[in-house]
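Notes for the structure review
The lines below spell out each chain.
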Amino acid sequence: MGLFGRKNETATSPAIPSATGTVAAPVNPELAALTGEYAIDPSHTSIGFVARHAMVTNVKGSFTDVAGTLHLDGTDPSRSTASIDIKMESIDTGSADRDGHLKSADFFKTDEFPEMTFRSTKAEALGGDDYRITGDLTILGTTKPLAIDLEFNGSATDPFGNQRVGFEGKAEILRSEWGLTWNAALETGGVLVSDKIKLSFDISAIRSGS
């Protein structure tokens, strides 16, 4: 995962010509200081989704059991990585009946496939606070690429002495590409559940090493 650094007015190291003659971007010492290993804090992290229901409204949900690690590289964001594991039994849409249907064989088959995972393969700094992380998303045993656009929310030391970084992101998928094809036709035309799903990420991670 790219290291998420805000533009600031602090001094940076001078740009240095590379062996090819191009000028490398200067290293921001504040970003370099954030380089290290981080663990996702599940109590302050939310991974959500939105699906269109009956063609007229949105149903929102989230997964409450999330774990993962980040390696942030402040000198070269492209070398940063992310690994996320989500327990599918933790799905919560505010309706026990709907949650039960989503866990069933019609959708996530949680007895057979208890986890959804993401493993990064590429990280990019897009400028300013914006980054993109691309990786492999696995659902129902099917792995497909997913690109997540991210915005850095800052870094801070909390009252317990933990160094935190936070970011939010968004992505869209077609659930049918991961084998999530259940649907029902509407009398007025269209289907009950949209194929396009919007994903949201609000993540806080705590530094666990250098």
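All of these numbers come straight from a predicted model, not from anything done at the bench. Numbering of residues starts from 1 in every chain and runs along the sequence as written. Thresholds applied to this predicted model are a pLDDT of at least 70 for local features of residues and 80 or more for the giving and counting of side-chain atom pairs; totals over whole chains, interfaces and linings are not thresholded and use all residues. The basis for every side-chain value is the complete set of non-hydrogen atoms in the structure, without hydrogens or water.

Side note on the pattern of salt bridges
So the rule is basically this: For this document, the term salt bridge refers to a Lys or Arg side-chain nitrogen within 4 Å of an Asp or Glu carboxyl oxygen. Runs of H or I in DSSP of at least four residues are treated as helices and runs of E of at least two as strands, each being numbered from the N terminus. When a residue's accessible area, from a 1.4 Å probe over protein chains only, is under 20% of the maximum for its type it is buried; when over 50% it is exposed; and in between it is partly exposed.
In the structure shown here, the tally under the stated rule is 7 salt bridges. For E115, the salt bridge identified is with K87, shortest N-O distance 2.8 Å. Pair noted here: E115 is in strand β7 (residues 115-127) and K87 is in strand β5 (residues 81-87), with a separation of 28 residues, a long-range link. Look at E115 and you get partly exposed, because its relative accessible area is 32%.

Some points on a nonpolar patch on the surface
Quick reminder of the rule: The patches reported here contain residues having more than 30% relative accessible area and no salt bridge. Joining distances are 9 Å for like charges and 5 Å for nonpolar side chains (Val, Leu, Ile, Met, Phe, Trp, Tyr). Note on areas: Shrake-Rupley with a 1.4 Å probe; residue coverage comes only from the protein chains shown.
On the surface, M55, V56 and V191 cluster together to form a nonpolar patch covering roughly 280 Å² of accessible area. By secondary structure assignment, the location of V56 is in the loop between β2 (46-53) and β3 (57-63).

Thoughts on the side chain of T117
This is how it is decided: Residues are treated as being in contact if the distance between any of their heavy atoms lies within 4.5 Å.
Topologically, T117 is positioned in strand β7. In this structure T117 touches I84, D85, D136, L137 and T138, once residues within four positions along its chain are discounted.

What to know about the confidence of the model for the chain
For the record, the criterion: Think of pLDDT as the predictor's per-residue confidence, scored from 0 to 100.
Here the chain averages 87 in pLDDT, and 86% of its residues register 70 or above. Counted against residues more than four places away or in other chains, residues 1-24, with its pLDDT under 50, gives 63 contacts.

Some details on the environment of D149
Definition in use: The definition of a polar contact used here is a pair of N or O atoms within 3.5 Å, where within protein one atom must be able to donate a hydrogen and the other to accept one, and adjacent residues in sequence count solely through side-chain atom pairs.
Take D149: it is sitting in strand β9 (residues 142-157). We classify D149 as partly exposed; its relative accessible area is 32%. For the pair D149 and L126, spaced 23 residues apart in the sequence, the C-alpha separation amounts to 9.4 Å. Non-local contacts of D149, meaning those with residues more than four positions away in its chain, are made with L126, Y131, R132, E168, G169 and K170. Side chain to side chain, D149 and R132 meet in a polar contact 2.6 Å long.

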